[in-house]
Amino acid sequence: MSFHNSNSAADITEMEKARFQIAPPAELDERDRDLLERQRELEELDSNTKLNWEMIKKLTVCGVAFLNDAYDMFAINIVAMMLGFVYYHDAEGSAANTVPKKWDTLIKIAVQVGCLLGQLVMGRLGDKIGRTTVYAASLMIAIITTVASAFSNSMVKGINVFVVLFIWRVLLGFGIGGDYPLTATIVSEYASVHNRGKMISAVFSCQGFGNVLAPIVGIIVTACFKNSIDRDVLYLDYVWRIIIGIGCIPGVATLYWRLTMEDSKRFQLETAKAAAANADEDVLRQKLLAKQQFAESSDYESRVETPPAHDMQQPVTAPVQIRRAKTFAQYFSEWSHLKVLLGTSIAWFALDVAFYGINLNSSIVIDAIGFAGDIHNDKPSKFIIRNCLGNIIINLLGSVPGYWISVFTIERLGRKKIQLMGFAMLTILYIVLGFAYRQILDKSVPGFIVLFTLAQLFQNFGPNVTTFVIPGEVFPTRFRSTAHGIAAASGKLGAIVAQGGFMQLKDRGGKNEFINHLLQIFALFMLIGFFVTFWIPESKGKTLEEICDESEEYY
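Cut-offs and rules
- Residues numbered from 1 in each chain as written.
- Predicted model: local features only at pLDDT ≥ 70, side-chain atom pairs only at ≥ 80, totals over all residues.
- Heavy atoms only, no water.
- Helix = DSSP H or I, 4+ residues; strand = E, 2+ residues; numbered from the N terminus.
- Buried < 20%, exposed > 50% of the residue type's maximum accessible area, 1.4 Å probe, protein only.
- Contact = heavy atoms within 4.5 Å.
- Salt bridge = Lys/Arg side-chain N within 4 Å of Asp/Glu carboxyl O.
- Expected span 1.5 Å × (residues − 1).
- Core = buried A, V, L, I, M, F, W, Y, C linked by side-chain atoms within 4.5 Å.
- UniProt positions renumbered as here; feature names shortened; annotations may be inferred.
- Phe/Tyr/Trp six-rings, centres within 6.5 Å; stacked < 30°, edge-to-face > 60°.
- Axes fitted to C-alpha atoms, helices over the stretch in contact; angles between N-to-C directions.
- Parallel < 35°, antiparallel > 145°, perpendicular 65-115°, else oblique.
- Left-handed = near helix turned anticlockwise from the far one by under 90°.
- Nonpolar A, V, L, I, M, F, W, Y, C, P; charged D, E, K, R; others polar.

**A word on the overall build of the protein chain**
Okay, so step 1: Along the backbone of the protein chain there are 23 helices and 0 strands.
Okay, so step 2: The buried share among the 555 residues of the protein chain stands at 54%.
Okay, so step 3: Taking the contacts inside the protein chain whose residues are at least 6 apart along the sequence as the reference set, 84% of them involve residues at least 24 apart.

Below is the structure:
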C-alpha cells in the first residue's frame, strides 16, 4: 500500500485517511505518525517544481552520461572505416581498405551485447543495492574499458585486434547498459510531476549530441594527422585509438559527482515502506503463532480437567488480514501489470531493429546519396573526412531536432500520443522508402534525403525518446530500475537482431541490393510497435504513485 495522496487516486485506504484526519498527531501511534510523514514528504516532492543546484547537478551528470554513451556506441562507424585502411590496405580488388563483414559485424554488435547484459544486471542491482551506488560503478567500468579498447591489439594466434576489441567493447557495453535504467529512474524520482517527462527526455536527448560529437572528433583528429596519413596509411592506427580513448574524458569529468550522488528521497521512502510492511507481517505472524500455541495449551488443560461436550462447537478465530509487499514475480504475474512490461519491451525491441539497423550502418545511406567518395581512389584522409561530414549532416537534419521537439512537447502531447504518432509515421515512411527505394534514388536524390530525414525526425520525435521515458514512470518504485532494464534490454536485443541478422542480408544480390527489402521489414516492426503501445498507460500529469497504483504492490 502506498501512503502518497493525490487528487485523482487515493494511495491510502479510507480508514487510514479518517484516522489521520480525526486523530490529532499526539494521539497517533509511532507507526501512524511515520506513515503520515511519508505521505507528506511524497506530496512535497511532487509539488516542488523549482530547479535547485542538486537537481541541476544530477541532470548534468545524467546528460553527460548519455552524450558519452552515444559517442562510445556510434564512434565505431568511423573507427571501422579506419580499421579497414590499417589492416586491409594491401587486400586485393574490392576487399581493399574494407573490414570483412564478419569482423565489421563483430565490433559493431559488441556494445549492444554488453548493453543487454548490463541493463538486466545493473537494473536489478539498482533496485536491490541502490540507484547511485550502481550508477557510479557502471561509469567506472565504462572508463576502464574505454581506455582498454583504445589499446586493443593482436595477442596470440587466433586472437586478432578485432577479437580483442570485441571483448573490451562488450565490457564497455556492460557499463553503458547500466546507464539506461539508472538514469531514467534517478531523474524520474527526483523530478516533479509537472516536468518529469521533459527532464527525462532532455537527459536522453543528449544522445543526439554524442552522435554528432563522434564524427566531429573524427574530422579533427584525422585533420591533425592528414599529411602523415596520406604518406603512410598506417598512421590511422594512432587516429582510431585516439578517437576511442577520447570517449573516457566526459566520464572522468563527472566521476566525482557520480560518486557523491545520493539516492532520491522517494526511493528511500518506498524502500522503507516495503521493509516496514514485511517487518509488520513478520511480527504479526509471530504474535499469531504465540497466541495459537497459548490457545492450544489452554485447550489441552481444559480437556484434561473437563470432559468434552460433543454438543458444543469450538470457537473459530477469524483470520487476520496481513498486508505484505509483493515480489517482482507476484506483481507481474497479473496481466494488468504484465501487459505494461510487455508493451514497453516489445515497442523498444521493434524500434531498435530499425534505429540501430540504420544508425550503425550510416555509411550505406551516405553512399546512397553520393557523399561517401571512392574508397579505392580517394586519399584515405579525404574519404574519412567526407564520411564524417556525411554523418554530421544526417544527424543534424533530422535526428537532433527530433530529440528536442520531443523534449518541448512531451508534457503537452503526452508520451503515448508521441509514440503512436512516431510509429505510424515511421511505418508509412519505411513503406515508401522500401517499395520505391531505387526509383527515388534514380530520379531524385534530394527527395530521398527528405524522406530519410523525416524518418530520422520521427524516430526521435517519437518512439526513440518515449520508449526510454515511459518505463521510467509506469512501474512501482521498488521494481522501476529492474523493469526499465528489461525493457531496455529488449531494445538492445532488437539492435543485435538488426546488426547480426537483417543487416547481413544487405548485399544479397549485389552490394546494398537488399536494402529496399530491409526497409520493408523495418516498416513491419514499426507497425508492431504501434499496436503494442496501446498496452501502455499515459503517464502525463500523474504522480509516479498514481500511474502504477502502488496499493497493488501489496496483498
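**Structural notes on the environment of isoleucine 369**
Okay, so step 1: Tracing the chain through its elements places isoleucine 369 in the loop between α15 (362-368) and α16 (380-413).
Okay, so step 2: Among the residues examined, isoleucine 369 registers a relative accessible area of 23% and is labelled partly exposed.
Okay, so step 3: Considered as a pair, isoleucine 369 and leucine 441 are 72 residues apart in the sequence and their alpha carbons are 7.7 Å apart.
Okay, so step 4: Discounting residues that sit within four places of it in the chain, isoleucine 369 has contacts with Val445, Phe448 and Ile449.

**Observations concerning the pattern of salt bridges**
Okay, so step 1: The full count for this structure, using the stated rule, is 13 salt bridges.
Okay, so step 2: Across the pair aspartate 352 and lysine 492 runs a salt bridge whose closest N-O atoms are separated by 4.0 Å. Of this pair, aspartate 352 sits in helix α14 (residues 335-359) while lysine 492 sits in helix α21 (residues 480-500), and the two are 140 residues apart along the sequence. Both residues of the pair, aspartate 352 and lysine 492, belong to the buried class.

**Focus: α21**
Okay, so step 1: Its 21 residues give α21 an end-to-end C-alpha distance of 30 Å, which sits within 8% of 30 Å, the value for a rise of 1.5 Å per residue.
Okay, so step 2: Of all 21 residues that make up α21, 17 are buried, and the element is covered over most of its length.

**Describing the nonpolar core**
Okay, so step 1: Residues Tyr135, Tyr180, Tyr430, Phe448, Phe468, Leu519 and Phe522 are the most contacted members of the largest nonpolar core, which totals 77 residues.
Okay, so step 2: When residues in this core are grouped by element, the largest group, 9 residues, is from α14.
Okay, so step 3: Setting aside residues no more than four positions away along its own chain, phenylalanine 448 makes contact with Val365, Ile369, Leu433, Tyr437, Ile440 and Leu441.
Okay, so step 4: In terms of nonpolar packing, the next biggest core, distinct from the first, is built from 38 residues, Ala150, Leu165, Val212 and Trp240 among them.

**What about the UniProt feature "transmembrane region" (unreviewed entry) in the protein chain?**
Okay, so step 1: According to UniProt, the positions carrying the feature "transmembrane region" (unreviewed entry) are residues 59-85, 134-152, 158-178, 199-223, 238-257, 388-406, 418-437 and 514-536.
Okay, so step 2: With 90% helix and 0% strand, residues 238-257 has end C-alpha atoms that lie 31 Å from one another.
Okay, so step 3: Between the first and last C-alpha atoms of residues 418-437 the distance is 27 Å; the span itself is 95% helix and 0% strand.

**Quick look at the packing of aromatic side chains**
One pair of aromatic rings is described through two measures. These are the centre distance and the angle between the planes.
Okay, so step 1: All chains considered together, the criterion is met by 34 aromatic pairs.
Okay, so step 2: Note on phenylalanine 66 and phenylalanine 204: the rings are 5.4 Å apart at their centroids and 70° apart in plane angle, and the pair reads as edge-to-face. With phenylalanine 66 in helix α3 (residues 53-74) and phenylalanine 204 in helix α8 (residues 196-224), this residue pair connects regions lying 138 residues apart in the sequence.
Okay, so step 3: The exposure class of phenylalanine 66 is buried, given its relative accessible area of 0%.
Okay, so step 4: An angle of 75° between the planes, with centres 5.7 Å apart, marks the rings of tyrosine 437 and phenylalanine 448 as edge-to-face. Residue tyrosine 437 is located in helix α18 (residues 437-443), and its partner phenylalanine 448 is located in helix α19 (residues 445-460); the two are separated by 11 residues in the primary sequence.

**Details of the packing of helix α6 (residues 131-150) against helix α11 (residues 249-259)**
Okay, so step 1: Two elements in contact, α6 and α11, have axes separated by 9 Å at closest approach and are oriented at 160°. Between α6 and α11, the angle falls in the class roughly antiparallel. Relative to α11, the crossing made by α6 is left-handed. In contact with Thr132, Tyr135, Ala136, Ser138, Leu139, Met140 and Ile143 of α6, α11 contributes Gly251, Val252, Thr254, Leu255, Arg258 and Leu259.
Okay, so step 2: For the contact of α6 with α11, the class distribution of residues is 8 nonpolar, 4 polar and 1 charged.

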